[in-house]
Amino acid sequence: MTNLVLFGPPGAGKGTQAEVLKEKYNLVHISTGDVFRFNIKNATELGSLAKSYIDKGQLVPDEVTINMLSAEVDKNPDANGFIFDGFPRTEAQAEVLEVLLKDKETEISAMVALEVDDEVLVQRLLNRGKTSGRADDADEEVIRNRIKVYYNETAILKEYYQKQNKYHGVDGVGSVGDITDRLSAAIDSL
Ligand code: ADP
């Protein structure tokens, strides 16, 4: 199995690249943000809980996110591998993911990370906010809070995977195709 953590700050382009990579490598793409938004749209209990955090640019509590992620993995017993997009975002989530995959006799193959400067991120997210309908993209304060949360809680995961020799960073600025090529080079080297 090939299990990838697609990593990078908000607005780095994870969703765009995941769509390409899942076809190319025949992997199941799980985006925690997409699952939360699906639940918000369908007014589920999980959706209303998640919305209260997401609208402020905060993380949804670990327990809630972990249960949701675990259920998504279990929906795909025949997967050839997974692209985890937006997960893990905390060290606790990374530790649980390790156990969860070990139970399935597999592991994370690599973290592939998109590296993009903060000011580029803010501009991209504000632009996306004009059409995405996402409340968390419409407000510069919320965007800056998401980036702050990324540095405070999520960025340490780079070290977590570096220690396991699994971190592969690529430049996230350029054309979609060029960035796919950079990520593919990292994945093909595994
Ligand atoms: P972005 O576009 O900022 O990368 P996502 O679409 O992945 O964001 O997620 C949107 C929001 O959903 C996040 O800002 C956060 O509130 C919540 N969320 C997504 N994944 C997680 C996670 N693993 N842990 C906690 N909260 C999460």
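Above this text is the structure in question.
A brief look at the structure comes next. (Residues numbered from 1 in each chain as written. Predicted model: local features only at pLDDT ≥ 70, side-chain atom pairs only at ≥ 80, totals over all residues. Heavy atoms only, no water.)

Points about the packing of aromatic side chains
And then number 1: Summed over all chains, the structure comprises four aromatic pairs.
And then number 2: When the ring of Y150 is compared with that of Y151, the centres are 5.2 Å apart and the planes differ by 80°; the resulting orientation is edge-to-face.
And then number 3: Overall, the relative accessible area of 10% leaves Y150 in the buried class.
And then number 4: Residue classification places Y151 among the partly exposed positions, given a relative accessible area of 41%.
And then number 5: Measuring from ring centre to ring centre gives 5.1 Å for Y160 and Y161, while their planes differ by 70°; the resulting arrangement is edge-to-face.
And then number 6: When its relative accessible area of 14% is taken as the criterion, Y160 is described as buried.
And then number 7: Residue class for Y161 comes out buried when judged on its relative accessible area of 2%.
And then number 8: Pairwise contacts between aromatic rings join F7, Y150 and Y151 into one cluster. (Phe/Tyr/Trp six-rings, centres within 6.5 Å; stacked < 30°, edge-to-face > 60°. Buried < 20%, exposed > 50% of the residue type's maximum accessible area, 1.4 Å probe, protein only.)

Considering the packing of helix 6 (residues 118-132) against helix 8 (residues 140-154)
And then number 1: Here helix 6 crosses helix 8 at 135°, and the two axes come no closer than 10 Å. Looking at the two axes, helix 6 sits oblique to helix 8. In this structure, helix 6 crosses over helix 8, and the sense of that crossing is right-handed. Two secondary-structure elements touch here, helix 6 through D118, E119, L121, V122, L125, L126 and R128 and helix 8 through E140, I143, R144, R146, I147 and Y151. (Axes fitted to C-alpha atoms, helices over the stretch in contact; angles between N-to-C directions. Helix = DSSP H or I, 4+ residues; strand = E, 2+ residues; numbered from the N terminus. Parallel < 35°, antiparallel > 145°, perpendicular 65-115°, else oblique. Left-handed = near helix turned anticlockwise from the far one by under 90°. Contact = heavy atoms within 4.5 Å.)

Focus: the packing of helix 1 (residues 14-25) against helix 10 (residues 176-188)
And then number 1: Following both chains from N to C, one finds helix 1 and helix 10 inclined at 50°, their axes separated by 10 Å at the closest point. The angle between helix 1 and helix 10 falls in the class oblique. Where helix 1 crosses over helix 10, the handedness of that crossing is right-handed. Between helix 1, through T16, Q17, V20, L21, K24 and Y25, and helix 10, the contact on the second element is made entirely by V176, I179, T180, L183, S184, I187 and D188.
And then number 2: Its residues assigned to classes, the contact of helix 1 with helix 10 comprises seven nonpolar, four polar and two charged. (Nonpolar A, V, L, I, M, F, W, Y, C, P; charged D, E, K, R; others polar.)

Describing the pairing of strand 3 (residues 81-85)
And then number 1: Here strand 3 lies mainly inside the structure; five of its five residues are buried.
And then number 2: Here strand 3 shows no split at all, with G81, I83 and D85 on one side and F82 and F84 on the other all buried.
And then number 3: The pairing of strand 1 (residues 2-7) with strand 3 spans five bridges and is classified as parallel. From the neighbouring strand, N3 faces strand 3, where its bridge partner is F82. (Pairing = 2+ DSSP bridges.)

Some points on a negative patch on the surface
And then number 1: A grouping of E91, E95, E98 and E159 is seen on the molecular surface, where their side chains present a negatively charged patch.
And then number 2: Per element, the largest residue contribution to the negative patch is three residues, and it comes from helix 5 (residues 91-103).
And then number 3: Mapped onto the fold, E98 is located in helix 5.
And then number 4: Its relative accessible area of 41% is what places E98 among the partly exposed residues. (Patch = residues over 30% accessible without salt bridge, like charges linked within 9 Å, V, L, I, M, F, W, Y side chains within 5 Å. Areas by Shrake-Rupley, 256 points an atom, 1.4 Å probe, with all protein chains shown as cover. Salt bridge = Lys/Arg side-chain N within 4 Å of Asp/Glu carboxyl O. Lys, Arg positive; Asp, Glu negative; His and termini not counted. Charge placed at Lys NZ, Arg CZ, Asp CG, Glu CD.)

Regarding the pairing of strand 1
And then number 1: Within strand 1, five of the six residues are buried, which leaves the element mostly enclosed by the surrounding structure.
And then number 2: Examined bridge by bridge, strand 1 and strand 4 (residues 110-115) share four bridges and lie parallel to one another. Note that in strand 4 the partner of L6 across the bridge is V112.

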